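# Chains, contacts and geometry: an overview
Here are the chains, one letter per residue:
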Amino acid sequence: MTNSTVEISYPELKGLFTDILAKLSKEDLRDFYEEVGAMLAVDKVTLSRDEIVALAKGDISLIEEQLSKTGVSVEFVVNSEKRTVVALVKFNSTGYIRSRGIAKCDPNDCFNEYIGKAIALRRAFGNPPMYEYLNAPQPEGKQIGDIVSYEGKSYRLIEVSWRDVHLGNAELGSIISDCGKIIDDSARYR
C-alpha cells in the first residue's frame, strides 16, 4: 500500500467537513468532538490570547452567518460583573428561545466577552467548547480599557486624567495599574 498526499485548499476542506458534520447524529457529533479534542490535546499548537480571541470572534461570526440562513438568530447577554455570558438561540418568526448556553469565567481567569460568547454559543447547540477557549493564556501587559482588581475594587485603566481617576478609573502606569490583576480585557478587542 502506498501513501499518497492530496492537496486541498482550506475552503474545500471546510466545505467537506461541514457536509460531513451535518450528516452526523447528535450523539455521533458529540463523540466526534470528544475524540478530536483528545487527539488535538496530545499535540496541540499553543496560540496567543490575541489569536484565541480572533478565533472566537470568527467562530461566532461563522455560526451567526449559518444561523441567519435558517430563520434562527442568537442574542448574547453579557454580564461582566458576574463574569458570565448567555447565548439565547431564538426563532426569528416567533422570538421563541430554541436553546441557550451559558459560559461562566473561572475566578482565577481573566474574563473576555468574546471567548465567553463562543463557549456559550457552542453549549447552546450541545457542543463542547474548544480546548483553546477553556485554556486561553492570561493577557500579557496592561492596556487602556482593561479592568483590573486592586484591593478588592475594580478599576478601568485610562490615559492620564486626574479628573476621572476617582470615578472607578485608574491611570495606566499607576500603582493600581501596576499591582492590580487584569480581570477583564474585552475592551482591547473591540
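Worth saying up front: this structure is predicted, and the values here are computed from it rather than measured.

## A word on the pattern of salt bridges
A full pass over the atoms with the stated rule returns six salt bridges. A salt bridge links Glu113 to Lys117, with the shortest nitrogen-to-oxygen separation between them at 3.3 Å. Here the residue Glu113 and the residue Lys117 both occupy positions in helix 4 (residues 113-124), the gap between them amounting to four residues, near one helical turn. Pair check on accessibility: Glu113 and Lys117 agree, each one buried.

## Side note on the side chain of Glu113
Taking relative accessible area as the criterion, Glu113 reaches 10% and is therefore assigned buried. Among the polar contacts made by the side chain of Glu113, one reaches the side chain of Arg190 at a distance of 2.5 Å.

## A closer look at the packing of helix 3 (residues 49-68) against helix 4
Helix-helix packing: each pair is described by the crossing angle between the helix axes and the interaxial distance. Put simply, helix 3 and helix 4 touch, their axes get as near as 8 Å, and they point 45° apart. In terms of orientation, helix 3 and helix 4 fall into the oblique class. As helix 3 runs across helix 4, the sense of the crossing is left-handed. The residues of helix 4 that touch helix 3, namely those facing Arg49, Ile52, Val53, Ala56, Lys57, Asp59, Ile60 and Ile63, are Tyr114, Ile115, Lys117, Ala118, Leu121 and Arg122. Residues that form the contact of helix 3 with helix 4 fall into these classes: nine nonpolar, no polar and five charged.

## Notes on a nonpolar patch on the surface
Taken together, the side chains of Ile8, Leu16 and Ile20 define a hydrophobic patch exposed on the protein surface, amounting to about 280 Å² of accessible area. Along the chain, Ile20 turns up in helix 1 (residues 10-23). Judged by its relative accessible area of 51%, Ile20 is exposed.

## Here we look at the sheet that holds strand 5 (residues 153-158)
In space, the four strands of this open sheet follow the order 6-5-4-7, with mixed pairing throughout. The sheet is open, and its two edges are formed by strand 6 (169-171) and strand 7 (181-184), each paired on a single side. Looking at each pair of strands side by side, their axes are set apart by 50° on average, direction ignored.

## Some words on unusual backbone geometry
A positive phi angle, close to 60°, is found at Arg83, a residue other than glycine. Looking at where Arg83 falls in the secondary structure, it is placed in the loop between strand 1 (72-79) and strand 2 (84-91). Within the chain, Glu151 stands out as a residue other than glycine whose phi angle is a positive 50°. Relative to the elements of secondary structure, Glu151 occurs in the loop between strand 4 (147-150) and strand 5.

Quick notes on the rules
- Residues numbered from 1 in each chain as written.
- Predicted model: local features only at pLDDT ≥ 70, side-chain atom pairs only at ≥ 80, totals over all residues.
- Heavy atoms only, no water.
- Salt bridge = Lys/Arg side-chain N within 4 Å of Asp/Glu carboxyl O.
- Helix = DSSP H or I, 4+ residues; strand = E, 2+ residues; numbered from the N terminus.
- Buried < 20%, exposed > 50% of the residue type's maximum accessible area, 1.4 Å probe, protein only.
- Polar contact = N/O pair within 3.5 Å; in protein donor to acceptor, adjacent residues only side chain to side chain.
- Axes fitted to C-alpha atoms, helices over the stretch in contact; angles between N-to-C directions.
- Parallel < 35°, antiparallel > 145°, perpendicular 65-115°, else oblique.
- Left-handed = near helix turned anticlockwise from the far one by under 90°.
- Contact = heavy atoms within 4.5 Å.
- Nonpolar A, V, L, I, M, F, W, Y, C, P; charged D, E, K, R; others polar.
- Patch = residues over 30% accessible without salt bridge, like charges linked within 9 Å, V, L, I, M, F, W, Y side chains within 5 Å.
- Areas by Shrake-Rupley, 256 points an atom, 1.4 Å probe, with all protein chains shown as cover.
- Pairing = 2+ DSSP bridges.

Interpretation in functional terms is not warranted from these geometric data alone.
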